Structure formats: C-alpha cells, structure tokens
Amino acid sequence: MGVTLAYETWGEGPRPLVLLHGFTGNRGSFDGLKPLMGRSVKAIAVDLPGHGATPLPERRGRDGFLETVDALVSLVDSLGLGTVDLLGYSQGARVALAAAVRAPDRFGRLIMESGSPGLHRRQERAERRESDGQLAAFIRAKGVDAFVERWEALPLFDSLRAMPAERRERLRAHRRACTAEGLAGALECLGLGVQPDYWSELHHQRLPTLLLTGAKDEKFTNTARRMAAELPVVWRHAFADCGHAPHLETPEEYVREVLGFLQTPWYEAPQFEAAATGADPGRMSP
C-alpha cells in the first residue's frame with residue numbers, strides 16, 4: 001500500500017500550500033510562520049518519512065524516495081483541494097521538486113528553499129550514499145542526542161546560532177523529538193545519494209518556481225543560480241546575512257517573499273502554450 005504521510009492543517013487563506021520540512025524536522029517546523037502567513041494560505045504541514053508521525057517507506061534507496069513522492073501526490077489527491085502550491089525546505093525542497101516533476105498537473109507553484117535537483121554524476125551519488133550510510137550507523141550506535149550535537153556543530157548551521165534563544169531551543173526540541181531509526185532510515189531513503197538526478201528535467205518544468213537561499217550559504221546559492229539558468233519560469237532571492245534556513249533566521253522577510261510570489265498574477269506565456277499544444281506562437285494572443 002505504500003507509506004501514508006501524517007499532516008496537519010492551519011491557516012484561513014484561500015491558497016492551499018503544502019509545507020515540507022527538512023531533515024530532523026517535522027510538521028511543526030514552520031509553526032513560526034503561522035502568525036505571519038496564516039491569513040493568506042491554507043497550510044498542509046506534512047511529516048516526511050522517519051519524522052514526526054510518519055513511518056519509513058516499505059523500501060529503501062531510490063525506491064523509498066519514489067514511494068515518498070507517490071505518497072505526497074496521493075495525499076494531495078485525497079484532500080480534494082484541486083491544484084495546490086508546494087513549499088519545501090532542504091530535504092523537503094528535493095521532495096517537492098520530485099513531486100512537481102512526477103505530477104505537474106496537481107500543483108500550481110513551487111517554492112524551493114535551500115534545495116537541489118540532485119547529484120548529476122554517478123560517482124557523486126555513490127560517495128554520498130556511503131557518507132549517509134556512515135552517518136546512519138552513527139545515529140543507530142550513539143543515539144539522537146549525540147547526533148544532534150554533531151549536526152548542530154556543522155558549519156552549514158553557523159548562522160542559526162545568532163537566532164534568539166527561544167527559537168534555537170524550539171529547533172533543538174524538534175530535532176531531539178526524532179527517533180534514531182527514523183533519522184537513520186530517512187538518510188537511507190530520502191538522502192541526496194538516493195534521490196534521482198532531476199537536472200535534466202528542469203527545462204521541462206512549467207510551474208512558476210521561486211528559489212530561496214541564504215546569501216551566506218554559498219553552496220546552495222550557487223546551486224540556485226544554476227537551477228535558475230535551466231528553469232523556464234523562475235524567480236530567485238538570496239537573503240542577506242542568512243545561512244541554510246532563512247525561514248528560521250529571517251521569518252518576516254521570508255514570508256514577504258513567499259506571499260509576494262504566490263499572490264503575483266501569472267499567466268501561461270504564449271511560447272509555453274505553443275510548446276504544449278504544438279501551435280504557432282506567432283498566431284497566439286496573450
């Protein structure tokens with residue numbers, strides 16, 4: 001039957017928006033945005049496999065990743081909300097992109113925060129699977145608390161240390177609420193090393209897409225630049241003085257960017273309609 005994703009809804013707005021957290025998060029990872037955007041969207045906050053109340057997929061590796069993507073599409077279908085928008089952070093951004101590629105007709109707009117289309121070279125994917133496997137073994141052997149100490153010490157998260165203490169403690173609580181097997185299993189089925197390479201799919205992607213990064217996170221900002229060069233309908237923004245998690249580091253500015261993107265009128269440009277229908281773009285009116 002495949003994995004079933006746990007979720008909760010919040011917000012009073014007219015736009016359904018699926019929220020997908022990052023590794024070590026859960027459906028509450030975006031709770032800090034509720035007072036800022038709850039009147040504008042109807043959020044569907046999801047627990048990804050191995051996090052919160054969602055179990056791991058039946059399969060591991062690439063099959064587990066694709067099982068998760070199919071579960072997300074099935075969840076959207078079951079809600080009966082019509083077309084929904086997608087917002088994913090880090091691991092969640094990769095799942096969001098995969099879902100948009102898998103079923104573009106189910107989604108309206110795509111927002112990727114600190115995300116990646118995957119690793120292009122087979123050797124890179126193999127090396128990442130090996131490193132993720134080693135980290136999974138560490139988690140199983142040492143437990144969640146030891147892993148959280150190691151995880152929070154990564155240079156990737158340096159800028160999070162400047163957040164208010166209350167926000168840092170809430171983030172740490174989310175991380176410590178995970179289970180060792182959940183985190184280890186998530187690395188094995190949702191890690192970058194098992195994710196399919198979606199770089200070649202980007203130029204086919206017709207969803208309006210917003211790419212968000214922190215300017216201090218040079219790796220993912222450079223990845224966003226490369227993605228923007230491939231995507232046909234794309235906006236990009238790098239938040240000054242932010243690292244890997246702008247939604248935590250500068251929530252007010254983050255929400256302005258997100259809502260500005262979602263609320264901006266957009267229509268199918270003639271050349272895209274022509275590509276889809278085979279018509280002559282010179283004979284089509286806007």
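See above for the structure.
The paragraphs below set out a description of the structure included in this document. Treat the numbers as computed from the prediction; the structure is a model and nothing was measured. (Residues numbered from 1 in each chain as written. Predicted model: local features only at pLDDT ≥ 70, side-chain atom pairs only at ≥ 80, totals over all residues. Heavy atoms only, no water.)

1. Focus on the overall build of the chain
- When helices and strands are tallied, the chain shows eleven helices and seven strands.
- For 286 residues, the compact-globule estimate of 2.2 N^0.38 gives 19 Å, and the chain sits close to it at 18 Å.
- Projected onto its principal axes, the C-alpha positions of the chain cover 65 × 40 × 35 Å.
- A total of 286 residues make up the chain; the buried ones form 53% of that total. (Helix = DSSP H or I, 4+ residues; strand = E, 2+ residues; numbered from the N terminus. Rg over C-alpha atoms; globule rule 2.2 N^0.38 Å. Buried < 20%, exposed > 50% of the residue type's maximum accessible area, 1.4 Å probe, protein only.)

2. Regarding the nonpolar core
- L19, M37, L87, I111, F147, Y254 and V258 are the most contacted members of the largest nonpolar core, which totals 41 residues.
- Those elements giving two or more residues to this core turn out to be β2 (15-20), β3 (41-46), β4 (84-89), α4 (122-142), α5 (144-152), α7 (180-190), β6 (209-214) and α10 (251-263).
- The element best represented in this core is α10, accounting for six residues.
- Not counting chain neighbours up to four residues away, the residues in contact with Y254 comprise F30, L33, L87, E113, L212, F239, P246 and H247. (Core = buried A, V, L, I, M, F, W, Y, C linked by side-chain atoms within 4.5 Å. Contact = heavy atoms within 4.5 Å.)

3. Side note on the packing of aromatic side chains
- Counted under the stated rule, the structure contains six aromatic pairs.
- Between W235 and F261, the aromatic rings sit 5.5 Å apart at their centres with planes inclined by 65 degrees, giving edge-to-face as the arrangement. With W235 in strand β7 (residues 234-239) and F261 in helix α10, this residue pair connects regions lying 26 residues apart in the sequence.
- Grouping aromatic residues by their ring pairs yields a cluster made of F23, F147, W151 and F157.
- Sitting over the face of the ring of W199, R226 holds its NZ or CZ atom 4.2 Å from the ring centroid. (Phe/Tyr/Trp six-rings, centres within 6.5 Å; stacked < 30°, edge-to-face > 60°. Lys NZ or Arg CZ within 6 Å of the ring centre and 35° of its normal.)

4. Re the pairing of β4
- Burial within β4 is extensive, with six of its six residues counted as buried.
- Burial along β4 is two-sided: V84, L86 and G88 and D85, L87 and Y89, pointing in opposite directions, are all buried.
- Sheet topology places β2 next to β4; four bridges connect them, and they run parallel. Across the sheet, residue L20 finds its bridge partner in β4, namely G88.
- Note that β4 and strand β5 (residues 107-113) share five bridges and pair parallel. Opposite V84, over in β5, you have F107 as the bridge partner.
- A crossover links β4 with its parallel partner β5, the connecting element being helix α3 (residues 91-102), and its sense is right-handed. (Pairing = 2+ DSSP bridges. Right-handed = clockwise from strand over helix to strand, strands pointing away.)

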